[in-house]
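Given next are the chains, with one letter for each unit.
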Amino acid sequence: MIDCIFCKITNGEIPNYTVYEDEKVLAFLDIHPHAKGHTVVIPKVHAENYFDLNEDLLGHLSIGIKRTMEKIDKVLSPDGYNVGWNQGLVAGQVVPHLHIHIMPRYEGDGGGSMHSIINSAGEKTVEELGKLFAASSL
Ligand code: 5GP
Ligand code: ZN
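For clarity, every value in this text was computed on a predicted model and none was experimentally measured.

About the cut-offs
- Residues numbered from 1 in each chain as written.
- Chains lettered and ligands numbered in written order.
- Predicted model: local features only at pLDDT ≥ 70, side-chain atom pairs only at ≥ 80, totals over all residues.
- Heavy atoms only, no water.
- Helix = DSSP H or I, 4+ residues; strand = E, 2+ residues; numbered from the N terminus.
- Core = buried A, V, L, I, M, F, W, Y, C linked by side-chain atoms within 4.5 Å.
- Buried < 20%, exposed > 50% of the residue type's maximum accessible area, 1.4 Å probe, protein only.
- Contact = heavy atoms within 4.5 Å.
- Pairing = 2+ DSSP bridges.

*Asks:* Requested: an account of unusual backbone geometry, with residues and values cited.
*Replies:* Its identity is not glycine, yet Ser77 carries a phi of approximately 45 degrees, on the positive side. Within the secondary structure layout, Ser77 lies in the loop between helix H2 (55–76) and strand E4 (80–84).

Next comes the structure, spelled out in C-alpha cells:
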C-alpha cells in the first residue's frame, strides 16, 4: 500500500470537497487555493506523473477535466481558466500522485498566464531546437 495523500483521499481516509467524480477520476477543491474554486483532478489509480498513466486512463482524465470545468462554470461562472500540472520536483510537484490543477480566472484577479511560470529559454535558437526534433523519432 503506497503512503500517498491523494490515494488516501480517493479511498476516503482523508475527506475532500468533491467537485466532480466518476469511476476513474476524482476532482476536489485544493486545500490551499490560489484562485476561487481552485480544483485538482486526479486519476483514482496511483500514478506519479503523466508518463506513468496508461493512455486509456489519460483519455478518461481529459474528459474528467472538461466535466470538472463545466461544473465550475455552472457554480462559479469564472471568466477563464488556467489548466495544467507540475511534473517533477523542479517544476514544483509536491504531491507524487498526478493531479491537474484547474485555476478559474476572474476579470481583475491580478494573475498571469502560463508564460509567467518560467522565462529562461536557454542558449539554443528555435531553429536549432527544431532540427534536433526533426532528427529524432519518438
Ligand atoms: P503540487 O505542488 O504537487 O502540484 O500541488 C499539490 C496541491 O495539493 C497543492 O496545491 C496543495 O494545496 C494540495 N493539497 C495537498 N494536500 C492536500 C489535501 O490533503 N487536501 C487537498 N484538498 N489538497 C491538498
Ligand atoms: Zn497516490
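*Asks:* Report on the nonpolar core, specifying residues and quantitative values.
*Replies:* Nonpolar side chains in soluble globular proteins generally cluster together in the buried interior. Val41, Leu53, Leu61, Ile65 and Ile100 are the most contacted members of the largest nonpolar core, which has 15 residues in total. Examining the composition of this core, we find that five residues originate from one element, H2, more than from any other. Ignoring anything within four residues of it in the chain, the contact list for Leu53 reads Pro43, Val45, Ala47, Leu58, Leu61 and Leu98. The next biggest cluster of nonpolar side chains, apart from the first, holds nine residues, and it includes Cys4, Cys7, Ile9 and Leu26.

*Asks:* Lay out the pairing of strand E5 (residues 100–105) in plain terms, naming residues and giving numbers.
*Replies:* Counting buried residues along E5, five of its six residues qualify, which places the element largely inside the surrounding structure. Across three bridges, the pairing between strand E3 (residues 39–43) and E5 is antiparallel. Following the sheet pairing, Thr39 is matched in E5 by Ile102. In terms of strand pairing, E4 meets E5 through five bridges, oriented antiparallel. Looking at the pairing, Gly84 lines up with His101 of E5.

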